[in-house]
Amino acid sequence: MKELIKTLVETISPSGYENPIRQVIQGEVEGLVDEMRVDNLGNLICRKGQGTPQGSKIMLAAHMDEIGIMATHVDDKGFVRFTSIGGVWPQTCIGGRVRFLNGASGVIYGERIDDRYRAPTLEQLYIDLGASSRADCPVRVGDVAAFERPFLDLGKRLISKAMDDRIGTAVLIETLRQLGDTPNEVYFVFSVQEEVGLRGATTAAFGVAPDLGLAVDVTGSGDTPKGYKMEVSLGKGPAIKVRDSYILSDPRVVQWMVSTAETASLPYQLEVLEFGGTDASAIQLSRAGVPAGCLSIPCRYIHSPSEMVDYDDVQNAVRLLVELLRQPVQLG
Amino acid sequence: MESKLKDTKYSSPRLGAAQIRLLERLCNACAVSGDEGEVRAIVLEQIKPHASQVKVDALGNVLVTRLGQGERRLRVMLAAHMDEVGLMLTNDEEDGFFRFETVGGIDVRQLAGKPVWIGKERIPGVIGAKPIHLTEDDELEHKIPLESLRIDVGSANQGKAKIGDRAAFATSFTRLGPSLRSKALDDRFGVATLIELVKHAPENVDLLAAFTVQEEVGLRGARVAAYAFDPQLAIVLDCTPANDMPSYQAEGWDEQNMLYNTRLGAGPAIYVADRGTLSDPRLVRHFVGTAEALGIPHQIRQPGGGATDAAAIHKQRAGIPSISISVPGRYLHTAASIARLEDWKNTLALVHAALARLTPDILL
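Rules of the game
- Residues numbered from 1 in each chain as written.
- Chains lettered and ligands numbered in written order.
- Predicted model: local features only at pLDDT ≥ 70, side-chain atom pairs only at ≥ 80, totals over all residues.
- Helix = DSSP H or I, 4+ residues; strand = E, 2+ residues; numbered from the N terminus.
- Rg over C-alpha atoms; globule rule 2.2 N^0.38 Å.
- Buried ≥ 20, exposed ≤ 12 C-beta atoms within 10 Å, placed from the backbone.
- Contact = placed C-beta atoms within 7 Å.
- Pairing = 2+ DSSP bridges.
- Domains from an automatic or database assignment.
- Nonpolar A, V, L, I, M, F, W, Y, C, P; charged D, E, K, R; others polar.
- Arc of directions from axis to C-beta.
- Axes fitted to C-alpha atoms, helices over the stretch in contact; angles between N-to-C directions.

Undergrad: Summarise the overall build of chain A; cite the residues concerned and give the values.
TA: Each helix and strand counted, chain A has seven helices and 17 strands in total. Scaling as 2.2 N^0.38, a compact globule of 332 residues should have a C-alpha radius of gyration of about 20 Å, and chain A matches this with 20 Å. Once the C-alpha set of chain A is aligned to its principal axes, its extents read approximately 65 × 45 × 40 Å. Out of the 332 residues in chain A, the part that is buried amounts to 52%. Within chain A, residue pairs in contact and separated by at least 24 positions form 76% of the contacts whose partners lie at least 6 positions apart.

Structure representation (structure tokens):
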């Protein structure tokens, strides 16, 4: 599965520009699904299973976009100013490298600030593409880039610029590989534009009109020095979301996930996140309402160029998802 | 995909004296969000002879269908909002004084001293300001909070203005050589452009025109209009700030204004991204390609903040590929904005040409 993860995380595809990653995923799931389509916003929607009288119509969503930047101004000397696509923090940008969709690469640095211990604002940062004039700068206003950083395999822990949420797409693909017959009609949705406001999942959920929805995404952890206080750690199993800023997971969905994990003797953690949101909330509020929840992969340093997850958590997320899908769903 | 499109023979609708007079009527009408009746009446009068179907929906959107001819016609929604930012009277404090709230995004710092028109009868009033004679030095350093501002209608008109009435800036449309000045170029430009497009719709598309309400308070009209039309793609016509005033900063890097958003005179502003929408890249290519093929001046709006009706439209139903095209204007959401006539002409030319060159292949 590590080869798959490496391929997925190293692909450059910021929100709204998911063509490259969609093509990679289409190649991976070809032959594993019964039907595949791309909707109007670019969501890749794959169906597995015909459904049976006992089965449910289940939508799984993992977003394939990543945070990135967009050029706003090219100055006379060829330096590029930019704005964020999704949550980009200035303190993680300095010295970082970006690659534009047209192939151009550059380094981010910032104007001199008197207090070196203060974080700069995004407006004070620029990209140096090695150009010396506007004319020879390979980037124009509106061009899009993502952070560039190779995949790092530390054995048990994996690091990448885009674990959020390529690790979720990897979990869905691996689940497709391992899932045999299912009584359910399962829609594996690789959604777009999550990082800018859950936009893809909004339209995908309308199109699929599921009975039940699950997002597969990363969540924070509380296991780093003087870090954020949170009862989630890397390596203690995938997290079952109870709430975040945007959703109160359906308690029946939480219970279904918990009892399935316990029956299968799989590790899990309960997640209460005091910020953020996932595709699950967009699914929950679709049409006349959908019972929804989220299977989370604990992740450190989210929205930095070095997001870290635990490989056991990833594999256990796949095992739990397979268990959840291979039998009829009984919501209490 | 762009290469498959061949230049369609078409003639761009003209913007002459009659169209400028219509824009003047639209700009002088008062239509603060939620009370769009005056603009709606003009829109209905103008488009009825040209429409296949006209409907005013439950929120007050005007939904116009003009069917094209031939096979493989795209259903294209065009949206322009009829409402404008303004004020609403909230407390009658007698003797002609009213407290008020803002409707839509208004910088309170620019309100004091501005004349306004209140309600359907256009009761004249003014947002009172303390005369300089009586102003203390330290008062000049501080902004005046909304709570301490009042609209004064003069005691004689006390009974005519009432709580709940809306007030618009009392600025009449004026032609200033190559420029136009008005209180509501945002978005009467869009409304006027869309009226011309309905009148001169290219036949290769089914044109679904939405003259929307309540954009300035949260894109509310467009959301339901898009649900009703269920189009294959959408183009939003709006007006976006030009912050391209000459900079007076020191020499060196600082003299470059890097936050201009758009520039007056540089042509229609094509959106790639704002806070609410990532424009569909296929539509961005189509509009830039059309402008380049026909030599129409155009600019990319600096990606960043702001939002248009597209933010509500593109997330509707199973998703609607969308883009926004704006006429640049200075001083938007204040009592008086200024824009260039030439930018409006080029906007109409670009959108009309882009429509005429649209084929279903763009969605492949």
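Undergrad: Outline the pairing of strand E6 (residues 97-100) of chain A, supporting the account with residue identities and numerical values.
TA: All names here are of chain A. Residues Val98 and Phe100 point to one face of E6 and are all buried, whereas Arg97 and Arg99, pointing to the other face, are not buried. As paired elements, E6 and strand E7 (residues 105-110) share three bridges and run antiparallel to each other. Each bridged residue has a counterpart across the sheet, and for valine 98 the counterpart in E7 is glycine 106. Bridging between E6 and strand E9 (residues 144-147) involves three bridges; their strand directions are antiparallel.

Undergrad: Can you lay out the domain arrangement of chain B for me, pointing to particular residues and giving the numbers?
TA: Residue and element names in this part refer to chain B. Under the domain assignment used here, chain B contains domain 1 (2-84 + 183-363) and domain 2 (86-169). Its C-alpha centre places domain 1 at a distance of 32 Å from the equivalent point of domain 2. The interface of domain 1 with domain 2 comprises 11 residues on the first partner and 12 residues on the second. A breakdown of the residues in the side of domain 1 that touches domain 2 according to their chemical character gives four nonpolar, three polar and four charged.

Undergrad: Would you mind going over helix H4 (residues 199-208) of chain A in detail, with residue names and values included?
TA: All names here are of chain A. Counting buried positions over the 10 residues of H4 gives nine, a clear majority of the element. Within the sequence span of H4, burial applies to Arg199, Gly200, Ala201, Thr202, Thr203, Ala204, Ala205, Gly207 and Val208. The inward-facing, buried residues of H4 abut strand E2 (44-48), strand E3 (57-63), strand E12 (185-191), strand E13 (212-219) and helix H6 (279-284). Looking one or two residues beyond H4, the residue adopting positive phi is alanine 209, at roughly 50 degrees.

Undergrad: Help me get a handle on the interface of chain B and chain A, residues and values and all.
TA: Listed as interface residues are 16 residues of chain B and, on the opposing side, 22 residues of chain A. Looking at the side of chain B that touches chain A, its residues break down into 10 nonpolar, four polar and two charged.

Undergrad: Quick rundown of the environment of B:His314? Include the residues and the values.
TA: Residue and element names in this part refer to chain B. Topologically, histidine 314 is positioned in the loop between helix H7 (310-313) and strand E16 (322-329). For histidine 314, a count of 27 C-beta atoms within 10 Å puts it in the buried group. When the C-alpha positions of histidine 314 and histidine 298 are compared, they lie 23 Å apart, and in sequence the two are 16 residues distant. If we ignore the near neighbours within four places in the chain, the residues touching histidine 314 are Ala234, Thr277, Gly319, Ile320, Pro321 and Ser322.

Undergrad: Break down helix H2 (residues 19-29) of chain A for me, with residues and values.
TA: All names here are of chain A. Among all positions in H2, only Ile21, Val24, Ile25 and Glu28 are buried. What you see down the axis of H2 is that its buried residues fit within an arc of 95 degrees, all on one side. Structurally, H2 contributes buried residues whose contacts are with helix H1 (2-9), E2, helix H3 (163-178) and E12. Backbone geometry just after H2 places glycine 31 at a positive phi near 90 degrees.

Undergrad: Could you give me a rundown of the domain arrangement of chain A, with the residues and numbers involved?
TA: Residues and elements named next belong to chain A. Here chain A is partitioned into domain 1 (2-66 + 161-325) and domain 2 (68-147). Just the C-alpha atoms count here: the centres of domain 1 and domain 2 sit 31 Å apart. Contact residues are listed per partner, giving 12 residues for domain 1 and 13 residues for domain 2. The class makeup of the residues in the side of domain 1 that touches domain 2 is five nonpolar, four polar and three charged.

Undergrad: Please set out unusual backbone geometry residue by residue, giving values where relevant.
TA: Each neighbour pair has its own omega, and for A:Asp164 with A:Asp165 the value is 5 degrees, a cis peptide bond. The residue A:Asp165 is located in helix H3 in this model. Of note, the amide linkage connecting B:Asp186 to B:Asp187 takes the cis form, showing an omega dihedral of 15 degrees. With respect to the secondary-structure elements, B:Asp187 resides in helix H4 (residues 185-199). With a phi angle near 65 degrees, B:Asp95 is a residue other than glycine that sits in the positive phi range. Mapped onto the fold, B:Asp95 is located in the loop between strand E4 (86-92) and strand E5 (97-103). The phi angle at B:Gln214 is positive, at roughly 55 degrees, despite the residue not being glycine. Note that B:Gln214 resides in the loop between strand E12 (205-212) and helix H5 (220-229).

Undergrad: Give me the lowdown on the sheet that holds strand E9 (residues 166-169) of chain B, citing residues and values where you can.
TA: Residues and elements named next belong to chain B. Pairing is antiparallel around the closed barrel formed by six strands, whose spatial order is E4-E5-E8-E7-E6-E9. As paired strands, strand E6 (residues 115-118) and E9 are joined by three bridges and run antiparallel to one another. Counterpart to isoleucine 118 in the pairing with E9 is alanine 167.

Undergrad: Let's hear about the sheet that holds strand E17 (residues 337-340) of chain B: which residues, and what values?
TA: All names here are of chain B. Strand order in the open sheet made by the three strands is E10-E11-E17, with antiparallel pairing throughout. Since the sheet does not close on itself, it has two edges, and those belong to strand E10 (174-176) and E17, each with one partner. For this sheet, the mean inter-axis angle between neighbouring strands, taken without regard to orientation, is 25 degrees. Sheet analysis places E10 next to strand E11 (residues 179-182), joined by three bridges and oriented antiparallel. From the neighbouring strand, threonine 174 faces E11, where its bridge partner is arginine 181.

Undergrad: Requested: an account of the pairing of E11(B), with residues and values cited.
TA: All names here are of chain B. Residue alternation in E11 divides its side chains into a buried set, Leu180 and Ser182, and an unburied set, Ser179 and Arg181. Hairpin geometry of E10 and E11 is characterised by an intervening segment of two residues between the two adjacent antiparallel strands and by a positive phi of about 60 degrees at glycine 177. Note that E11 and E17 share four bridges and pair antiparallel. Opposite serine 179, over in E17, you have arginine 340 as the bridge partner.

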